[in-house]
Structures are given as C-alpha cells and as structure tokens.
Amino acid sequence: MEHKFDIVIVGAGGGGLFAALEAVRTNPRVSVAVISKVYPTRSHTSAAQGGVNAALGNKDRDDTVDLHVFDTVKGSDYLADQDAVDYLCSQAPSVVRELENLGAPFSRFADGTIAQRPFGGTVKDRCCYCADKTGHTLLHTLFEQCLRRGVTFFNEYFLLSLEHADGDCQGVITLNMATSAIETFVAPVVILATGGHAKMYWNRSSNAAGNTGDGQAAALRAGIPLKDMEFIQFHPTGLRKSGLLVTEGARGEGGYLLNRHGERFMVRYAPQKMELGPRDLVARSMETEIIEGNGFESDAGSYIELDLRHLGAEAIKKKLPQIRELSMHFEGVDPIAEPIPVRPTAHYSMGGIDAHMAKTAVRGVFAVGECACVSVHGANRLGGNSLLDILVFGKRAGQEAAEEAPRRRALGIPPGAVAGMADEIRSYANPERYERYGIIREEMGKAMGDNVGIYRVEERLRTGVEEILALRERFRRIRLFDTGTVYNTNLIQILELKNMLDLASCVAITALARQESRGSHYREDFPRRDDGAWHIHSLCTMERDGEVRLGHKPVTMGKYSLETRSY
Ligand SMILES: Cc1cc2nc3c(=O)[nH]c(=O)nc-3n(C[C@H](O)[C@H](O)[C@H](O)COP(=O)(O)OP(=O)(O)OC[C@H]3O[C@@H](n4cnc5c(N)ncnc54)[C@H](O)[C@@H]3O)c2cc1C
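None of the values given here were measured: they were computed from a predicted structure. (Residues numbered from 1 in each chain as written. Predicted model: local features only at pLDDT ≥ 70, side-chain atom pairs only at ≥ 80, totals over all residues. Heavy atoms only, no water.)

Asker: How should the pattern of salt bridges be read in this particular structure?
Answerer: Two side chains bearing opposite charge may form a pair once their charged atoms approach each other closely. Scanning the model with the defined rule gives 54 salt bridges in all. When salt bridges that share partners are traced, they join Asp 77, Glu 230, Asp 280, Arg 514, Glu 516, Arg 518, Arg 529, Asp 531 and Arg 565 into one network. (Salt bridge = Lys/Arg side-chain N within 4 Å of Asp/Glu carboxyl O.)

Asker: I keep staring at the nonpolar core and nothing clicks. Help me out?
Answerer: Across soluble globular proteins, you tend to see nonpolar side chains buried next to one another. Of all hydrophobic cores here, the largest spans 143 residues; its most connected members are Ile 7, Val 8, Phe 106 and Leu 192. Counting residues per element, this core draws most heavily on helix H14 (residues 489-513), which supplies 15 residues. Contact partners of Ile 7, with chain neighbours within four places excluded, come to Ala 23, Val 30, Ser 31, Val 32, Ala 33, Val 189, Ile 191, Ala 401, Ala 402 and Ala 405. Counting residues in hydrophobic clusters, the runner-up holds 21 residues, among them Val 282, Leu 306, Leu 320 and Ile 340. (Core = buried A, V, L, I, M, F, W, Y, C linked by side-chain atoms within 4.5 Å. Buried < 20%, exposed > 50% of the residue type's maximum accessible area, 1.4 Å probe, protein only. Helix = DSSP H or I, 4+ residues; strand = E, 2+ residues; numbered from the N terminus. Contact = heavy atoms within 4.5 Å.)

Asker: Would you explain helix H10 (residues 385-404) in this entry?
Answerer: Helical periodicity: at 3.6 residues per turn, an α-helix aligns residues three or four positions apart in one direction. Counted at 1.5 Å a residue, the expected span for H10 with its 20 residues is 28 Å, and the 28 Å between its end C-alpha atoms agrees. For H10, the tally of buried residues reaches 16 of 20 residues, placing the bulk of the element in the interior. (Expected span 1.5 Å × (residues − 1).)

Asker: Sorry if this is basic, but what is going on with the UniProt feature "binding site: substrate" (unreviewed entry) in the chain here?
Answerer: Using the residue numbers shown here, the UniProt feature "binding site: substrate" (unreviewed entry) corresponds to His 235, Thr 247, His 347 and Arg 381. These residues run over 147 residues, yet every pair of their C-alpha atoms falls within 14.3 Å of each other. Its location among the elements puts His 235 in strand S13 (residues 232-239). Residue His 235 is classed as buried on the basis of its relative accessible area of 0%. When residues no more than four places from it in sequence are discounted, the contact partners of His 235 are Leu 245, Val 246, Thr 247, Glu 248, Arg 251, Arg 279, Arg 343, Pro 344, Thr 345 and His 347. A distance of 3.1 Å separates a polar atom in the side chain of His 235 from the backbone nitrogen of Thr 237. Along the chain, Arg 381 falls in the loop between strand S19 (372-373) and H10. What makes Arg 381 buried here is its relative accessible area of 6%. Residues in contact with Arg 381, not counting those within four places in the same chain, are Gln 233, Arg 279, His 347, Tyr 348, Met 350 and Ser 386. (UniProt positions renumbered as here; feature names shortened; annotations may be inferred. Polar contact = N/O pair within 3.5 Å; in protein donor to acceptor, adjacent residues only side chain to side chain.)

Asker: Would you mind going over the domain arrangement of the chain with me for this structure?
Answerer: How big an interface is tends to be stated in terms of accessible area lost as the parts join. On domain assignment, one finds that the chain holds domain 1 (240-343) and domain 2 (415-536). One C-alpha centre belongs to domain 1, the other to domain 2, and the line joining them spans 31 Å. Each side of the interface is counted separately: domain 1 has six residues, and domain 2 has five residues. Area buried by domain 1 at its contact with domain 2 is led by Asp 280, Arg 284 and Glu 287, which between them contribute 77% of it. One can count zero salt bridges joining domain 1 with domain 2. (Domains from an automatic or database assignment. Buried area = accessible area lost by both parts, 1.4 Å probe.)

Asker: Any chance you could explain the site of the ligand here in plain terms?
Answerer: Around the ligand, the structure places 39 residues, and the nearest of them are Ser 43, Thr 45, Glu 370, Ser 386 and Leu 387. In the model, an oxygen atom of the ligand is placed 2.8 Å from a nitrogen or oxygen of the Ala 12 main chain. The separation between an oxygen atom of the ligand and a polar main-chain atom of His 44 is 3.4 Å. Burial of the ligand by the protein amounts to 98% of the accessible area it has alone, namely 1000 Å². If you list the elements that add at least two residues to the shell around the ligand, you get helix H1 (14-26), strand S3 (32-36), strand S8 (157-165), strand S16 (340-349) and H10. Looking at the shell around the ligand residue by residue, the classes come out as 14 nonpolar, 21 polar and four charged. (Near = heavy atom within 4 Å. Areas by Shrake-Rupley, 256 points an atom, 1.4 Å probe, with all protein chains shown as cover. Nonpolar A, V, L, I, M, F, W, Y, C, P; charged D, E, K, R; others polar.)

Written as structure tokens, this is what we have:
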C-alpha cells in the first residue's frame, strides 16, 4: 500500500509531536502524518521525570538566557555548537510558556508562577517541572493538540528505511506491525524523531525497550552521517537492580549521595556543587567510590545510597511521588524511611544524526530530539536540556517543513527498494539460519557495558569493537522463529537488534578513536582533554558492505572560548 503526504514525521515523542503541531499551525493546508511504533502517549518522552530548563527567573530573579547558554556550553565540555545552544536557550522561556498556554499543568510557586528547581551543573535554579512527571504531562498536552488540529496518526508502524533520490527526500518504507505488510509513505519532507539509542546497553539502562536508534540506523544506511556517537550519558542514579531512573530532581530537592561510611563523598569531587555537579562527574565519582571499596555490597551488585529522608514525608509525596513509587515497587524501599540503593545507568545518547538546526545533508530530511545531534549537548548533556531540545528543535523543524513541503516534489519510492526490504525480511525465516535474538542481544549489552562504559581504556575498547563486529557477523545468521503475520514481535525485535548493532559499532569505534577525555567519554589512558587534537566532532558513515568509516567536522564556537571545566 502507498500513502502520500506533504510531511511525514517518524516518531510521536515530544520532538515529533511538536513538529507535527507546528507544521499544521504554520500551514493548515499541508497534510501531515505521524508514524510511531508505539502508541504516541507510550513514547519515551513520557518517562521524563525531572523537568525542562528555561531562564524564566521565577526562582532566581537574576537568571538570564546568557547564563543558561554558559552552563550548557560548559556542561558540554565545549563540544556543543554555540549557534545551536544560543538558539536553544533563547527560545526556552517562550517555548515553556507556550506549553503552559497549551495546557501543560506545571507545578507552581505560591505566587502562581511556574515552579523551578535546581538541576545539575547550573549556576541558577531554572528547571521547570510538573512534580516528577514532566515528560508525561508535556507529551499528553502535545498529543491532545495534534488530535485537535487533525494530524493523521499511523500507530504501530515500524520505520524500515529512509528513501531519497540523489539527495532529495522521497519518503519512507514501513512495516505495518498489525499485519506485517510493507507500506510506503511518499513525502517530499520527512522529519526523523525516533528517540535515543542508549538501550544498546541492554543490561543496565534507564531507557524503554524501544529506544533502539531505528531512525539513526535508517539515516546511516541512507548515507547521512552520525555525529559524536562515542558520547553516551550515564545517569548517576539508576535503581540498583533494574537501572530504572531516579530523577536528578531528587538531588535537586536536596537528596544526599552516601557511601558505606555514611560520607557525602561528593565533597571530594565537586566541593562547590556537591550532588548537583554535572552528570558525567557525579556518575564517575560514584563508580570510583564503588571501585575503591566504599560502596555498599548486595547480591544485586555494589551500590551507593541516595538519602531523601531529611526532606520529610510531605515533600517526598508532593514533589517526588513517582520516585517513591518506583523505589517501593522495584527495590522494596520507601524513601521516606530508608535510603534508595542506586548506581549509574546508561541514559542518554548525546550523539545522533548529524543535523544543523535540525536540517540534515539530505534535502527535505530533518532530524530532531534525541535521535539527532544538532549539537546542543556536546560531550555531556545537562539535565532538563533534553526536553528543551525536543521542544525547541521539534517546533523549528515543523515550521520549516511546512514552509518547504509545498516547494518540493517527491517522485516516489522505487519498487526495487520495497522488494529488497521484503526479501530481507523473508530471509530471516530461512530454516538454515540458527542464531537466536535473545542471545545476541544479551551479548551486545554485556560487550557494551563491560568495554564501552563509564571508564574506557584502549585494550577494553578494542575488545568491545571486536565483540560487536563479531555479533554483527553472527546477526547475518539470525533466525526468525515466529513466522506469523499478526503483531510479529519477534520480527520487530530482530529489526531493532540489527539497528542497535550497527549503532553500537559506531559508538565503540568512535570511542576507541577519541584519544582524550571529554565529558561523558573518559579514557583512563588519556585522562586529559586534548583541545589541540580533539576539539572536533566525530562523524560516522557506513559503506555498502556495512563497514563504518570515520570523519570529522569542526565545532562552531561563539562567545565562550575553551576553559578548564571545574565545579
Ligand atoms: C527515565 C528518563 C527520564 C528523563 N527525564 C528527563 C527530564 O526530566 N528532563 C529532560 O530534559 N530529559 C529527560 N530525559 C530525556 C528525554 O526524556 C528524552 O531525551 C526525550 O524525551 C526524547 O524525546 P524524543 O521526542 O526525541 O523521542 P521519544 O520520546 O523517545 O520518542 C521516540 C518516538 O519514535 C518512535 N519510533 C522509534 N523507532 C521507530 C520506528 N522504527 N518506527 C516508527 N516509530 C519509531 C517511537 O514510537 C516514539 O514515538 C529522560 C530520559 C529518561 C530515559
């Protein structure tokens, strides 16, 4: 079946939905389709807990956009592009007020203004929040508005490939998950908004199972470079057993991190910011404490304690209700009475589809949100800046797409591309194949966790690259055991695994190549930042045979020049 639209948006998280809303608001005559592999309100944005940054000045009256820019550039370890950061931070106050006007129920101060809490790595308290369910409320608000404006949704459709003819967008090939039929969407403009890829750290990640980087992998195969893939954020406070997230807002509200001697050890690592240092620094400090034997031991592994008890029952119930629920369900601990056992968890992908102000190298293709690298987070993202990224660049892409679509024409998707995709899917069921999805997935998670984690060193990185490449080889023999056509989840898992393996090879290869420490990328063998050699973006492209090639691109500087980063 062939569908035709002016604009096709792949992804119904906050980035995709704001793009859709803004496209129909900018030009009500353009037809807009949103494709999503999960029902829109189950998109990962709904898991965002802590909040969204904007220099509103409701808490710290002297906060400014400039201070927000500075915090973001410093937080990125000077790898962010400053033109993009300027845009992000200058748009933040208006985009948050716009969400408020659209109906997002922000928590409030006594004077009625939007409440703001402290978040890590910032000089002012500017994180706007809806208790600890910020993403959930923003996503629902945007979904309601899209429905009201007549956006067409194709839920439970899976992106298979992005198609272009000599650099002009033609549309996408998808799989209808309910029927397993291949359906094409011809469109002169496509916005990729498919979320992050930190689930490749399968065994310890805060991400939803669906954060498998499908859009990034499709872009890579379509010839669009991926940027800064080595930068994966490990969030300091994942629950000990599951890696599920305890928001930075818990430390923002005053939570302490304690080692087994009862010491607030952050005093030795970030004496000024303490628990509210940037995430890369806090996560590394926790791991160091554990490695040096200062962590707590348990059957479920070593851990650090996050103590909220001194905040009091009322504050915990009002401001951190979800954290209390998650701690009780997944650790059997009520934070009102006991500290929460936590350990760093793979959380966010700073790298992604190379895009300048949301535009990619293919004409008519935009990329926004966590799947993209525009790049505002550089080597380390500040908490609260990702929801902002999806709103600001989602909105911008939607507006530009609506202006561009009427000027462009899609010739259509070549039948050969569709047939090739059908052949690939059929080949998975070949009875001569024998490799199992679950086994390769577990080994991928372990290879990444053991070798490409918080602390990195050449020998382990080489092992990581070799293991991931070997798994990609074994994937050629993967077998689809379920040959049904109705909601074939086994097929979807295999398609997702292929994407994760391609992206994991990019992460491991770029991590091995970057011989310095910057932000989340810490090399034990190169512990210093090396601006002379490495103040540069990494690029990955993929050859036809699947080999990953490396390239580089300069960082766009602005008013803030390189400085030593301390907190
Ligand atoms: C637990 C947690 C808490 C967080 N808290 C915060 C916070 O407080 N503040 C903050 O700023 N950031 C936070 N973040 C980060 C932030 O939530 C995400 O970066 C952001 O929501 C990503 O939004 P998105 O629109 O890019 O993608 P997502 O919300 O992940 O949506 C991706 C969409 O793409 C679709 N999709 C994916 N693959 C396919 C495919 N093959 N075919 C079709 N559709 C596809 C999915 O169905 C989905 O609709 C948090 C992250 C986590 C994991």
